[in-house]
Amino acid sequence: MNDTDRDQLRQAFSIELSGPPSGAEQRVLGGLDYGRQPRRQGLWFGVAAAGLAGLVIVTLLASRALVGGTRPPIPGSGLLPFAQSPIAAAPFPCRLPIERNGVGMFTTVSSGATASPGVPLQEPASSDPGGRPRLPDGEGAARLTYQWELRRWLPVAPEWVSPDGASYAYSDRQGILHVVSSAGTQERAVNSDRTWAVVAFQAEGVYAAAVSADTTPDGLWLIDPATGRARQLQASGRWVGVRAGVAWELTLTSPAPPLPQFSRPGEVTGNVLVRLDLQTGRTTPMYTSPSSRMRFVGVDAEEDALVSDVRAPSALLVVSGPGRVTIAASGAWSSALPDGDRTWLTDTQTLGVVLKQAGAVTTLIQVDPGAGGDIEVAGPCR
Amino acid sequence: MRSHDADAQLIDRAREGDTAAFEALLLPLVRPGCQLAFSMVRDWVEAEDIVQEAALRAWRGLARLRPDTVNLRPWFLTIVANQARSARRRRSFSTIVMGDLTWHPKLAVAIEASDTALDLQRAVGRLRPKQRNLLFLHYCLDLPLDEAGAVLGISAVAAKSRLYRALRAIRPDLQLTEVTP
């Protein structure tokens, strides 16, 4: 590892390297009580502490809800500010399946959208108690989905699971498209005509992009999961999401804004978000960011697109119509899962939920799980 | 920096109950201890609590320390890591309502961070905690691999292997240029 790599790696730990608040040495050593016995680390201590913490948090939440939230003014960018309102009542509690550090688990989200602080993350009665579920071809899962009806963890992202939850799609290392029953009883290679990258599994079939030699997904196809027949919908374009009869593309103006310094292999960024009505074939440019690129985060519960502006400071934008863009939150949110009237969001180490009323973001609640590790929402909260 | 002889003398005095000597030994270890604890629990206040608890355990454990010990750092950081693991097991979720987007320090940091840092942070965040902790100890606290391994309870060879796997896991995730559209 050279010095540049080392410096870049240290950037990932920039918060840790910033060090504790000044005076830590005095607080730690000055507060040492040499006569005290070290604390017992037992279950009951943990439960009691967590319960107390929960009480404090609920009290804090209640007080904030009573006084209402105030939001700082949004920097001028031509974008609409989001609605200012106190916390909306939400149909909680529920159990939310999440994936953390590649392990599927549940957390309880309780009234007022507070994660239950007294309940440790529970390891599920997993369909794969030995560890992470694997794809039928033996490859490790890149994402997980919890299928509530079957009580099974599936080795794919929620977008790759059919709306009825009965099956999921994936493409293997050779790019062959497979469809697998969620119960794990059937697995079929349905199309090997091209190198496929699954975009979404919808009621009408599997939407996939054909991957070109430089690993860029190109064009959009609809593949019948029963027959394997593929129909080309768009000859080109980088289609990043399909949901509810709408496909989303990220494209670029000319000249294009500068590239992000880092990106994942095959990751698509662009500065123009295009909406394709799959019924009519009509495309509509929805939002153009002249000077910076965006990542597609997902679609929210009202079928509005969520994109993340990659420049710093990062922001989550809700695109609800041509030119109608709302800043929903700051931060580099990276994936979204619509769930009833709410939308779950995740970034590197945080979990959030967006609630909307009348098309406006009313509340974004951040649930900070503390210890590190990538978090993804793995299914709806039940 | 003190010499090993000076540290050995301080350790001897601390064993005999000299709290000032013990605190002199611990003083340079508080900051890295807090950093290590924070990397595991993501909360500075809790990190300081963990280090203080670790200090108390170290004080009570001095009698069990090997007589030839001249460097307290790996031993103390091991206690900190164990304490942080226990704390992490105890806690689950805390909740912050984002009425004010600048209210949460983590968000404020995220806003200031560059896109590059966020991407790299995401790649590192995807590592398993054991791998991430090793990267932090070796590349951020500059602990030699054998010492970092000792803190994590593994051999130097195992630490080297784990480090290799961690770097392999990060590198395919990042590339310097974006795929051409």
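Relevant structure appears above.
As the structure is a prediction and not an experimental result, all values here were calculated from the model.

> What's the story with the overall build of chain A in this structure? I'm lost.
What chain A contains, in helices and strands, is 4 helices and 25 strands. Relative to all contacts within chain A whose residues are 6 or more apart in sequence, the contacts with residues 24 or more apart total 44%. Just so you have it, chain A exposes about 16,600 Å², and 53% of that area is on carbon and sulfur atoms.

> Explanation requested: helix α1 (residues 4–15) of chain B in the structure shown.
Every α-helical turn comprises 3.6 residues, leaving residues that sit three or four positions apart pointing alike. Residues and elements named next belong to chain B. For α1, with 12 residues, the first-to-last C-alpha span of 16 Å sits near the 16 Å given by 1.5 Å per residue. Turning to α1, its buried residues are D7, L10, I11 and A14. In an axial view of α1, the angular spread of the buried residues amounts to 105 degrees, which keeps them on one side of the axis. In α1, the exposed positions angled more than 90 degrees off the buried face are occupied by D5 and Q9. Residues of α1 that are buried in the fold lie against α2 (19–41) and α3 (44–61). Phi turns positive, to about 100 degrees, at G17, one or two residues after α1.

> Is there a simple way to think about the sheet that holds strand β20 (residues 324–330) of chain A in this case?
Across a sheet, paired strands are connected by hydrogen bonds in the backbone, their directions being either parallel or antiparallel. Residues and elements named next belong to chain A. Taken in spatial order, the 4 strands make up an open sheet running β17-β18-β19-β20, and their pairing is antiparallel. The sheet terminates laterally at β17 (294–299) and β20, the two strands that pair on one side only. Averaged over all pairs of adjacent strands, the angle between their axes in this sheet comes to 30 degrees, without regard to strand direction. Across 5 bridges, β17 lies against strand β18 (residues 305–309) in antiparallel orientation. Paired with G298 across the strands is L306, a residue of β18.

> Just to check I follow, could you spell out the pattern of salt bridges for this structure?
A side chain with one charge can pair with a side chain of the opposite charge if their charged atoms come near. All names here are of chain A. Applying the stated criterion across every chain yields a total of 7 salt bridges over all chains. Its salt-bridge partner being E149, residue R382 comes within 3.3 Å of it at the nearest N-O pair. Of this pair, R382 sits in the segment after β25 (375–377) while E149 sits in the loop between β4 (145–147) and β5 (152–154), and the two are 233 residues apart along the sequence. A residue is classified by how much of its surface remains accessible, and E149, at 56% relative accessible area, is exposed.

> It is not clear to me how the pairing of β20 of chain A should be interpreted in this structure. Could you clarify?
Every regular strand shows the same layout, with side chains that alternate between the two sheet faces. All names here are of chain A. With 6 of 7 residues buried, β20 is to be regarded as a mostly interior element. Inspection of the sheet shows strand β19 (residues 315–321) paired to β20 by 6 bridges, in the antiparallel sense. Bridge pairing links A315 to S330 in β20. Joining the antiparallel neighbours β19 and β20 is a turn of 2 residues, in which G323 adopts a positive phi near 75 degrees.

> Looking at this structure, how should I read the packing of aromatic side chains?
Both the distance between ring centres and the angle between the ring planes are used here to describe each pair of aromatic rings. Residues and elements named next belong to chain A. Throughout the structure, instances matching the rule amount to 7 aromatic pairs over all chains. Here the aromatic rings of Y146 and W148 are separated by 5.0 Å at their centres, their planes lie at 90 degrees, and the arrangement is edge-to-face. Residues Y146 and W148 agree in their burial class; the two are buried. Look at Y146 and W153: their rings are 4.9 Å apart centre to centre, the planes differ by 55 degrees, and that puts the pair in the tilted class. In terms of burial, Y146 and W153 fall into one category: buried. Taken together through their ring pairs, the aromatic side chains of Y146, W148 and W153 make up a single cluster.

> Teacher, can you tell me more about the pairing of strand β15 (residues 272–277) of chain A here?
One ladder, built from 6 bridges, connects strand β14 (residues 246–251) of chain A with β15 of chain A; its direction is antiparallel. Across the sheet, the residue bridging to L250 of chain A is L273 of chain A, located in β15 of chain A.

> Looking at this structure, how should I read the sheet that holds strand β13 (residues 239–243) of chain A?
Residues and elements named next belong to chain A. With respect to topology, 4 strands assemble into an open sheet ordered β13-β14-β15-β16, the strand pairing being antiparallel. Here the strands that pair on one side only, and so sit at the sheet edges, are β13 and β16 (283–288). Pairwise comparison of adjacent strand axes, ignoring direction, gives a mean angle of 20 degrees for this sheet. Where β13 lies against β14, 4 bridges are found, and the strand directions are antiparallel. Paired with W239 across the bridge in β14 is E249.

> I'm lost on helix α9 (residues 156–170) of chain B in this one. Help?
Residue and element names in this part refer to chain B. Between its first and last C-alpha atoms α9 spans 21 Å; for 15 residues at 1.5 Å apiece the expected length is 21 Å, and the two agree. Of all the positions in α9, only A159, R162, L163, A166, L167 and I170 are classed as buried. Mapping the buried residues of α9 onto a view down its axis gives an arc of 135 degrees, with all of them on the same face. Looking at α9, the residues exposed on the side facing more than 90 degrees away from the buried face are V157, K160 and Y164.

Parameters at a glance
Residues numbered from 1 in each chain as written. Chains lettered and ligands numbered in written order. Predicted model: local features only at pLDDT ≥ 70, side-chain atom pairs only at ≥ 80, totals over all residues. Heavy atoms only, no water. Helix = DSSP H or I, 4+ residues; strand = E, 2+ residues; numbered from the N terminus. Contact = heavy atoms within 4.5 Å. Areas by Shrake-Rupley, 256 points an atom, 1.4 Å probe, with all protein chains shown as cover. Expected span 1.5 Å × (residues − 1). Buried < 20%, exposed > 50% of the residue type's maximum accessible area, 1.4 Å probe, protein only. Arc of directions from axis to C-beta. Pairing = 2+ DSSP bridges. Axes fitted to C-alpha atoms, helices over the stretch in contact; angles between N-to-C directions. Salt bridge = Lys/Arg side-chain N within 4 Å of Asp/Glu carboxyl O. Phe/Tyr/Trp six-rings, centres within 6.5 Å; stacked < 30°, edge-to-face > 60°.

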